[in-house]
Structure formats: C-alpha cells, structure tokens
Amino acid sequence: MTSQTKKHRADLTCQEAYILAHRKHHHRVAFFRLLILLLFLALWEYATRAGYIDIFFFSSPSAVVKYLYEMILDTSFFRHTGITLLETVVSFVLVTVFGLLAAMLLWYQSSLSEILEPYLVVLNSLPKSALAPLLIVWLGTGSKTIIVAGISVAVFGSIISLYTGFCQVDEELLKLILTLGGTRKDALFKVILPSSVPLILSNMKVNIGLCLVGVIIGEFLAARRGLGYLIIYGSQVFQLNMLITSIIILCAIAMLLYKLIQSLEHTYKKKR
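In this report, the structure presented in the accompanying data block is examined. The structure presented is a predicted model; accordingly, all values stated were derived computationally and were not measured.

1. Let's talk about the overall build of the chain
Then, number 1: If you tally the helices and strands in the chain, you get 12 helices and zero strands.
Then, number 2: Taken from the N to the C terminus, the helices and strands of the chain come in the order α-α-α-α-α-α-α-α-α-α-α-α.
Then, number 3: Its C-alpha atoms give the chain principal-axis dimensions of about 70 × 70 × 30 Å.
Then, number 4: Taking all 272 residues of the chain together, the buried fraction comes to 35%.
Then, number 5: About 17200 Å² of surface is accessible on the chain, with carbon and sulfur atoms providing 68% of the total.
Then, number 6: In the chain, the 24 positive side-chain charges and the 15 negative ones have mean positions that sit 8 Å from each other.

Okay, here's the thing in structure tokens:
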C-alpha cells in the first residue's frame, strides 16, 4: 500500500469522524430543544390540574389540543390559518421584490440615496401600529389593508439593510470591473448581486417574521377572519383556549416559514 493511499484513507477517516460528530451535535441540540418544550408543557398541565394557576385565565395544553381538534373538525382551523398564511406570503413576496429593486436603484443612483436616506430612516422608525388606523381609512377593511400593513412593517428596514450591504461589497472588485471597461450596470449585476446573495437570504429570514407581525397587526383592526381576529375576539369574550391556540398556531407558522427559507439558504451554501 502506497503512502498516498494511506494518506487518502486517513483523510476519509477524519472526514467521516467529523461528519459523525457534527450529526451527534445536531441530534443533541434537537433532543434538548424537545426536552425543554416537553418539560414546559408538562409543568403547565400539572400547574393547572393542581390548581396552582387558574385554567380559566391560563388554559392548559390538554384544553388547547381539544380546542385545536374542534377547529379542525369544523374547518375553522383551515379557514383562519389559510387566510393569515396567504396574507403573510403575499406581503413577504412583495417586500422581497420591492426591497431588492429599491436597494438596487439606490445603489445605482448614489445621489438618489443621499436624498431619500433620511426619509427611509424615519419611516423605518415609525411605529407601524400607528399606520394601521390610517390604512383602514384609506383602503377600508379587508385583505388589501392587511397585506399593506404587513408590507409596511418590513419594507423600509429591508431596503436600508440591503442598500447598506450593497455598499459594503469589496471596492477592489468594483474598481477591477470598471477598469476593464465595465459599466456601473455591469458592476451591479456581475459583482454586487452575486456577492450579496447570502445577505439577501438573511434579509428574507428577518422579513418573513416581520411580515407575519404586520399581518397580525392588520387583522387586529381590520379583519373578520384570520388568526389575528381570533386572538382579539378570544380576548374580548374571555375564550382563552381560542386565544392561546391561535398564538400557538402563529408560532408554528413562523417556525415553518423560517425553516423553509433556512433550507433555501443551506441549499445555496451546498451549491457553492
């Protein structure tokens, strides 16, 4: 057996050991995450059954599961969850497209960015819940208002984040492409955008949560269906099972959407 073959086998052994250790680490993390959740649910259930907390105000895991089952049976789960999910996805897609196009325009026209930057900062700092009543006056109640509310929460921060990232791309690469006769348009599409794909994906992970928050704010004020409506209605009539179940469904939606974008990010990293 040659020394090169021995070295190759040793490298494979080290690689396999690293992969095995990496998998064990992820399995350990997943186990403790699940353990913490199960302990919390068990403690919550025990506290309600033992009378340490009032089930009328805090509900319980068993009551939540029972109410969720009833929602599935009467199809209200699919109706309310579906409309919230649809409004969130539409808001997210529009924020992603508009934010990317606006950031590209600001980078391409540096004078325009100098003019608009203070306004973007102010609009991003403005509490979006203050805009919701105004949107209702302008657009009325319904999905259109809720989608716009979802967009308003995420779009300005997305533009600022993407534009800042575009400006931080290696200047030597930009100088090189301009020296070789390229235009600013070439620099945008051949240097800025390819270099900023990780930034765009990271920005998308933030935006999906913000869009969900904006949609819920809109549903609090301008909806007759959706999980935000169930939360407000449940609090008004003291149906805590409805309220807590809706919040848990929202958490599941947020986790699902985040994981989908995270899987897209992992796929991109593997291809690189």
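Past the structure itself, the notes keep going.
2. A look at the packing of helix H3 (residues 61-73) against helix H4 (residues 76-108)
Then, number 1: Packing of H3 against H4 brings their axes to within 5 Å, and their N-to-C directions diverge by 90°. It follows from the interaxial angle that H3 and H4 lie roughly perpendicular. Contacts between H3 and H4 pair Leu68, Met71 and Ile72 from the former with Ser76, Phe77 and Phe78 from the latter.
Then, number 2: Its residues assigned to classes, the contact of H3 with H4 shows five nonpolar, one polar and no charged.

3. Observations concerning unusual backbone geometry
Then, number 1: If you check the backbone angles, Thr75 has positive phi at about 65° while not being a glycine.
Then, number 2: Position of Thr75 among the secondary structure elements: in the loop between H3 and H4.

4. Re the nonpolar core
Here is a general trend for soluble globular proteins: nonpolar side chains tend to be buried in one another's company.
Then, number 1: Among the nonpolar cores identified, the biggest contains 49 residues, and Trp107, Phe166 and Ile192 are the most heavily contacted of them.
Then, number 2: For this core, the elements supplying multiple residues, two or more each, are H3, H4, helix H7 (143-167), helix H8 (171-179), helix H9 (184-195), helix H10 (197-222), helix H11 (227-236) and helix H12 (240-271).
Then, number 3: Residues within four places of Phe166 in sequence aside, it is in contact with Leu100, Ala103, Met104, Trp107, Ile192, Leu193, Ser196 and Leu199.

5. Things to note about the pattern of salt bridges
Then, number 1: Under the defined criterion, the tally for this structure stands at two salt bridges.
Then, number 2: Close ionic contact of Arg49 with Glu45 constitutes a salt bridge, the shortest N to O distance being 2.6 Å. Within this pair, Arg49 and its partner Glu45 are both found in helix H1 (residues 3-50), separated by four residues, close to a single helical turn.
Then, number 3: Where Glu265 meets Lys205, a salt bridge forms, and the shortest distance between an N and an O atom there is 2.8 Å. Pair noted here: Glu265 is in helix H12 and Lys205 is in helix H10, with a separation of 60 residues, a long-range link.
Then, number 4: Note on Glu265: relative accessible area 9%, which makes it buried.
Then, number 5: For Lys205, a relative accessible area of 17% puts it in the buried group.

6. Notes on the packing of H4 against H10
Then, number 1: Relative orientation of the contacting elements H4 and H10 amounts to 135°, with a least axis distance of 8 Å. Taken together, the axes of H4 and H10 lie oblique to each other. With respect to the hand of their crossing, H4 and H10 are arranged in right-handed fashion. Side by side, H4 and H10 meet where Ile83, Thr84, Glu87, Thr88, Ser91, Phe92, Val95, Thr96 and Leu100 of the first sit next to Ile200, Met204, Asn207, Ile208, Cys211, Leu212, Val215, Ile216 and Glu219 of the second.
Then, number 2: Residues of the contact of H4 with H10, tallied by class, amount to 11 nonpolar, five polar and two charged.

7. Topic: a nonpolar patch on the surface
Then, number 1: Taken together, the side chains of Leu34, Leu37, Leu38, Phe40 and Leu41 make up a nonpolar region of the molecular surface, amounting to roughly 460 Å² of accessible area.
Then, number 2: Relative to the elements of secondary structure, Phe40 occurs in helix H1.

8. Some points on the side chain of Ser158
Then, number 1: Mapping Ser158 onto the fold places it in helix H7.
Then, number 2: Residue class for Ser158 comes out buried when judged on its relative accessible area of 1%.
Then, number 3: Contacts of Ser158, omitting those with residues within four sequence positions, involve Val95, Gly99, Asn203 and Asn207.

9. A look at the environment of Phe98
Then, number 1: With respect to the element layout, Phe98 can be found in helix H4.
Then, number 2: Considered as a pair, Phe98 and Arg79 are 19 residues apart in the sequence and their alpha carbons are 29 Å apart.

10. A look at the packing of aromatic side chains
Then, number 1: Considering all chains together, one arrives at seven aromatic pairs under this definition.
Then, number 2: With 6.0 Å between their ring centres and 45° between their planes, Tyr46 and Tyr52 make a pair best called tilted.
Then, number 3: Its relative accessible area of 62% is what places Tyr52 among the exposed residues.
Then, number 4: Judged by centre distance (6.3 Å) and plane angle (20°), the ring pair of Phe56 and Phe238 falls under stacked. Pair noted here: Phe56 is in helix H2 (residues 55-58) and Phe238 is in the loop between H11 and H12, with a separation of 182 residues, a long-range link.
Then, number 5: Here Phe56 falls in the partly exposed class, since its relative accessible area comes to 45%.
Then, number 6: Here the aromatic residues Phe56, Phe57 and Phe238 are joined through ring pairs into a cluster of three or more.

What counts as what
- Residues numbered from 1 in each chain as written.
- Predicted model: local features only at pLDDT ≥ 70, side-chain atom pairs only at ≥ 80, totals over all residues.
- Heavy atoms only, no water.
- Helix = DSSP H or I, 4+ residues; strand = E, 2+ residues; numbered from the N terminus.
- Buried < 20%, exposed > 50% of the residue type's maximum accessible area, 1.4 Å probe, protein only.
- Areas by Shrake-Rupley, 256 points an atom, 1.4 Å probe, with all protein chains shown as cover.
- Lys, Arg positive; Asp, Glu negative; His and termini not counted.
- Charge placed at Lys NZ, Arg CZ, Asp CG, Glu CD.
- Axes fitted to C-alpha atoms, helices over the stretch in contact; angles between N-to-C directions.
- Parallel < 35°, antiparallel > 145°, perpendicular 65-115°, else oblique.
- Contact = heavy atoms within 4.5 Å.
- Nonpolar A, V, L, I, M, F, W, Y, C, P; charged D, E, K, R; others polar.
- Core = buried A, V, L, I, M, F, W, Y, C linked by side-chain atoms within 4.5 Å.
- Salt bridge = Lys/Arg side-chain N within 4 Å of Asp/Glu carboxyl O.
- Left-handed = near helix turned anticlockwise from the far one by under 90°.
- Patch = residues over 30% accessible without salt bridge, like charges linked within 9 Å, V, L, I, M, F, W, Y side chains within 5 Å.
- Phe/Tyr/Trp six-rings, centres within 6.5 Å; stacked < 30°, edge-to-face > 60°.

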